[in-house]
Amino acid sequence: METPALTGGLPSTICRWVEEAVGSGARLLSVREMPPWSVEMHEVIVEDGGGDEHRLVLRRYSDRQHLGIDPFYDPANESRALRLLEGTDVPTPRWYAADLVPAVCDVPAVLSSWVPGEPAWTPHDVDGYLGSAAEILVRIHVLTSTRPAGLPDYVPYAVGDGVDRRPPTWTSQPVLWERVLDVLAAGPPGTPTCFIHRDYHQGNTLTQDDRVSAVIDWPTAAWGPPGIDLARMRINLVEEVDPASAERFLAAYRAAGGDPADRHPYWDLLDAADFLNDNSYRNDLEGHDRARFEGWVAGVLAEL
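Report follows, based on the coordinates.

What counts, and at which threshold
- Residues numbered from 1 in each chain as written.
- Predicted model: local features only at pLDDT ≥ 70, side-chain atom pairs only at ≥ 80, totals over all residues.
- Heavy atoms only, no water.
- Helix = DSSP H or I, 4+ residues; strand = E, 2+ residues; numbered from the N terminus.
- Buried < 20%, exposed > 50% of the residue type's maximum accessible area, 1.4 Å probe, protein only.
- Contact = heavy atoms within 4.5 Å.
- Polar contact = N/O pair within 3.5 Å; in protein donor to acceptor, adjacent residues only side chain to side chain.
- 1 Å grid on protein atoms, 1.4 Å probe; cavity = no way out; pocket = protein on both sides within 12 Å on 5 of 7 lines; lining within 4 Å.
- Points joined across faces, edges and corners; volume = space filled by probe spheres on them.
- Nonpolar A, V, L, I, M, F, W, Y, C, P; charged D, E, K, R; others polar.
- Pairing = 2+ DSSP bridges.
- Axes fitted to C-alpha atoms, helices over the stretch in contact; angles between N-to-C directions.
- Core = buried A, V, L, I, M, F, W, Y, C linked by side-chain atoms within 4.5 Å.

The subject of this paragraph is the overall build of the protein. Helices and strands together make up the secondary structure of the protein, namely 9 helices and 12 strands. Along the longest, intermediate and shortest principal axes, the C-alpha atoms of the protein span 65 × 40 × 35 Å. A total of 304 residues make up the protein; the buried ones form 52% of that total. In the protein, once contacts between residues fewer than 6 apart in sequence are set aside, the share between residues at least 24 apart is 69%.

Take a look at the structure:
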């Protein structure tokens, strides 16, 4: 069998699939490899039959060790979420096509529109960003009152065989973490459930002029407690900006119409425990301000 010709690093079969997703008469103009996210990505520009250009992003789920095993590495769920978001007031990439089997692509793939903006890890106008991100999160949470077909239930990251929740090895406050684990062992509070992004933070909110232009990276979308979306953003704000910004984000969420009951200290503590155990992404907080992180956790714990 001949090796397929490559176009910009992609097999020609994939390039043809991209063209067909745009429509009859479409032709590929360019392909550019993008920095990897949780998947391999290429920016592709396609001209349709009418001469209009479409700037797209091809996300290829190439980590075969995680496919079908890792519930948070799910191209079908990303495709499902993007289609659910079509026509809503939540700014997201537009879904074009998915090859989930895969039948044409070398690995499962999702094709969507390119969206402008940069990750908001260090916004200049912090309060402007917080207000914008809070407003968009409220829109996500009120998107639908009924559970979409096929959408998975929320589960913590640190689940499954071999996961052992324990105080981190680096801590000088093991008693603090034992108290956190006792709270988690008692179980969650009763809470309404809704559509959630599940990994809502600065890196997945692209911004222009410190205002959210798009929410990306939807494979972890779920039906679950809105407090997890709040917790994930807040814990990242503590890490990347400061603890005060986490409190201001919560205030902005409520000012934007978010239900005050959506936030409960339990969800902050649960996500903090996940933050420690999500080692493939966080490396046990290596290189981060652990004292700041533990100080914030102690403050949340004091609310109970």
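We now examine helix H2 (residues 75-85). Turning to H2, its buried residues are Pro75, Asn77, Glu78, Ser79, Ala81, Leu82 and Leu85. Where H2 is buried, its residues touch strand S5 (53-60), strand S6 (95-99), strand S7 (109-113) and strand S9 (194-196). Among the residues of H2, the N-terminal cap falls to Asp74, whose side-chain oxygen and the backbone nitrogen of Ala76 are separated by 3.0 Å. Phi turns positive, to about 80°, at Gly87, one or two residues after H2.

Take the layout of surface pockets next. The calculated volume of the second largest pocket comes to roughly 450 Å³. Met34, Trp37, Met41, Leu206 and Ile216 are, among the 22 residues lining the second largest pocket, the residues nearest its centre. Sorting the residues of the lining of the second largest pocket by element identifies strand S3 (27-34), S5, H2, S7 and strand S8 (118-119) as the ones contributing at least two each. By residue class, the composition of the lining of the second largest pocket is 14 nonpolar, 3 polar and 5 charged.

Pairing is antiparallel across the open sheet formed by 3 strands, whose spatial order is S8-S10-S11. The outermost strands of the open sheet, each flanked by one partner alone, are S8 and strand S11 (211-215). Across 2 bridges, the pairing between S8 and strand S10 (residues 205-208) is antiparallel. The residue bridging Pro119 from the neighbouring strand is Leu206, located in S10. Helix H3 (residues 126-141) rests against S10 and S11 of the sheet, and its axis sits at about 35° to S11.

The complete set of buried residues in helix H1 (residues 12-22) reads Ser12, Ile14, Cys15, Trp17, Val18, Glu19 and Val22. Positive backbone phi, approximately 140°, marks Gly23, located one or two places after H1.

Here we come to the sheet that holds S3. With antiparallel pairing, 5 strands are arranged side by side in an open sheet as S3-S4-S5-S7-S6. Looking at which strands have only one partner, the edges of the open sheet turn out to be S3 and S6. Pairwise comparison of adjacent strand axes, ignoring direction, gives a mean angle of 20° for this sheet. Relative to S7, S5 is paired through 5 bridges, and the arrangement is antiparallel. Following the sheet pairing, Arg59 is matched in S7 by Val110.

This part takes up the side chain of Thr205. Tracing the sequence through the fold places Thr205 in strand S10. Looking at Thr205, its side chain comes within polar contact range of the side chain of Tyr129, at 2.7 Å. Reaching out from Thr205, the side chain makes a polar contact with the backbone oxygen of Gln202 at a distance of 3.2 Å. Apart from the residues lying within four places of it in its own chain, the contact partners of Thr205 are Glu118, Pro119, Ala120, Tyr129, Tyr200, Val212, Ala214 and Val215.

A word on the pairing of S11. Looking at chain direction, S10 and S11 are connected through 4 bridges and run antiparallel. If you follow Thr205 over to S11, its bridge partner there is Val215. A loop of 2 residues connects S10 with S11, the two strands running antiparallel in sequence, and Asp209 in this loop sits at a positive phi of about 55°.

A separate point is the nonpolar core. Generally speaking, nonpolar side chains in soluble globular proteins are found buried as a group. Ranked by size, the top nonpolar core spans 66 residues in total, and within it Tyr200, Trp218, Phe249, Phe293 and Val297 carry the most contacts. Within the second largest apolar cluster, 18 residues are counted, among which are Cys15, Val18, Val22 and Ala109.

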